[in-house]
Amino acid sequence: ISCYGVSHFGVCCAYIVKILTPVGAFVRPCQLYGALICPFGQQYGIVVHTSCFGFVYVMQNKIKEGYRVFTVGEMGIANTTASACILGTFNRWNAVEVTGRGTNISDARLLHKIEMVQKALDVNQPDPADGLDVLSKVGGFEFGCMAGVMLGAAANHCLTIIDGFNSTASAFIAKALSEESVQYLMASHLSLEQAHRKSLKAIGLTEYIDLDIRLGEAVGASIQKKILDMALAVYKDGADKRTGVAE
């Protein structure tokens, strides 16, 4: 399913691509290579440092090209399982408190998902004081990449608009690596995942829109980017009328 979805970015069939044109943005899909994750419930260590710091370097190049506002999202399957582990670790929530239905799974699958999240937390014991430890034990490459975008943007005083549940989990990784990075983050939409609102509150952010959707792909973040454009247009228009200078 993931391969099918990614293949449609190029032919403008994915939801996010349909939204990008009217909001004046574009998508840059990234295929990530390497071992992504081992089965939950097994003790493992995975080198994901390069995914995070590699994207800090990517951001440096994009900022040199003149970009100042970035949105993050992901296209994948089962990401909310890892997100639940990440958010559970940083906030000391158990699996019942943090695990949601993801792609609207059944009650039976939800119970199994809760069991797997709790088992992953119990077996791997990620350290909430060490962002890279959490990333390597219960995260994955995509979370490292999104955290790298946030860190690279923040290091250059640029804004990142986060999307839903998964990118919020990445924001906690970024915060663990650099507390100041949160000052350069903006939330967008509220995910249907049951722990999203309290996760945003825990990191000091508030959602702006509630679309009742279960999408990643930076859909909510792209809509929020357009709202930000409109807010800035109103502000600049008022500044022009008061002082003659838009600052």
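Everything in this summary refers to the structure shown in the same document. (Residues numbered from 1 in each chain as written. Predicted model: local features only at pLDDT ≥ 70, side-chain atom pairs only at ≥ 80, totals over all residues. Heavy atoms only, no water.)

1. Focus on the packing of aromatic side chains
- Taken as a whole and judged by the stated rule, the model has 1 aromatic pair.
- On the basis of an interplanar angle of 25° and a centroid distance of 6.0 Å, the ring pair of phenylalanine 90 and phenylalanine 172 is categorised as stacked. In this pair, phenylalanine 90 is assigned in helix H4 (residues 79-91) and phenylalanine 172 in helix H9 (residues 165-177), connecting sequence segments 82 residues apart.
- Here the basic side chain of lysine 198 rests over the ring of tryptophan 93, its NZ or CZ set 4.5 Å away from the ring centre. (Phe/Tyr/Trp six-rings, centres within 6.5 Å; stacked < 30°, edge-to-face > 60°. Helix = DSSP H or I, 4+ residues; strand = E, 2+ residues; numbered from the N terminus. Lys NZ or Arg CZ within 6 Å of the ring centre and 35° of its normal.)

2. Describing the nonpolar core
- In this structure, Ile86, Met150 and Ile162 are the most contacted members of the largest nonpolar core, which totals 49 residues.
- Those elements that provide at least two residues to this core are helix H3 (49-64), H4, helix H5 (95-98), helix H6 (107-124), helix H7 (131-138), helix H8 (141-155), H9 and helix H10 (196-203).
- The biggest single contributor to this core is H8, with 8 residues.
- Among all residues touching isoleucine 86, those that are not within four sequence positions of it are Val134, Val138, Gly139, Phe143, Ala169 and Ile173.
- Among the nonpolar cores identified, the runner-up in size contains 6 residues, and Leu159, Ile161, Met186 and Leu228 belong to it. (Core = buried A, V, L, I, M, F, W, Y, C linked by side-chain atoms within 4.5 Å. Buried < 20%, exposed > 50% of the residue type's maximum accessible area, 1.4 Å probe, protein only. Contact = heavy atoms within 4.5 Å.)

3. Some remarks on the side chain of histidine 196
- When you line up the elements, histidine 196 lands in helix H10.
- On the basis of relative accessibility, which here comes to 0%, the residue histidine 196 falls in the buried class.
- Polar side-chain contacts of histidine 196 include one of 2.9 Å to the backbone nitrogen of serine 191. (Polar contact = N/O pair within 3.5 Å; in protein donor to acceptor, adjacent residues only side chain to side chain.)

4. A short note on H9
- Spanning 13 residues, H9 covers 19 Å between terminal C-alpha atoms, matching the ideal 18 Å at 1.5 Å per step.
- Across the 13 residues that make up H9, a large majority, 10, are buried.
- Within H9 the residues assigned to the buried category are Phe165, Asn166, Ser167, Thr168, Ala169, Ser170, Ala171, Phe172, Ile173 and Ala174.
- Structurally, H9 contributes buried residues whose contacts are with H4, H5, H7, H8, strand E3 (185-186) and H10. (Expected span 1.5 Å × (residues − 1).)

5. Details of the packing of H8 against H9
- Two numbers describe how H8 lies on H9: the axes approach to 8 Å, and their chain directions differ by 60°. If you check the angle between H8 and H9, you find them oblique. For the pair H8 and H9, the crossing hand works out as right-handed. Contacts between H8 and H9 pair Phe143, Met146, Ala147, Met150 and Leu151 from the former with Asn166, Ser167, Ala169, Ser170, Ala171, Ile173, Ala174 and Leu177 from the latter.
- Tallied by class, residues from the contact of H8 with H9 come to 10 nonpolar, 3 polar and no charged. (Axes fitted to C-alpha atoms, helices over the stretch in contact; angles between N-to-C directions. Parallel < 35°, antiparallel > 145°, perpendicular 65-115°, else oblique. Left-handed = near helix turned anticlockwise from the far one by under 90°. Nonpolar A, V, L, I, M, F, W, Y, C, P; charged D, E, K, R; others polar.)

The quantities given are spatial measurements derived from coordinates; they are silent on function.
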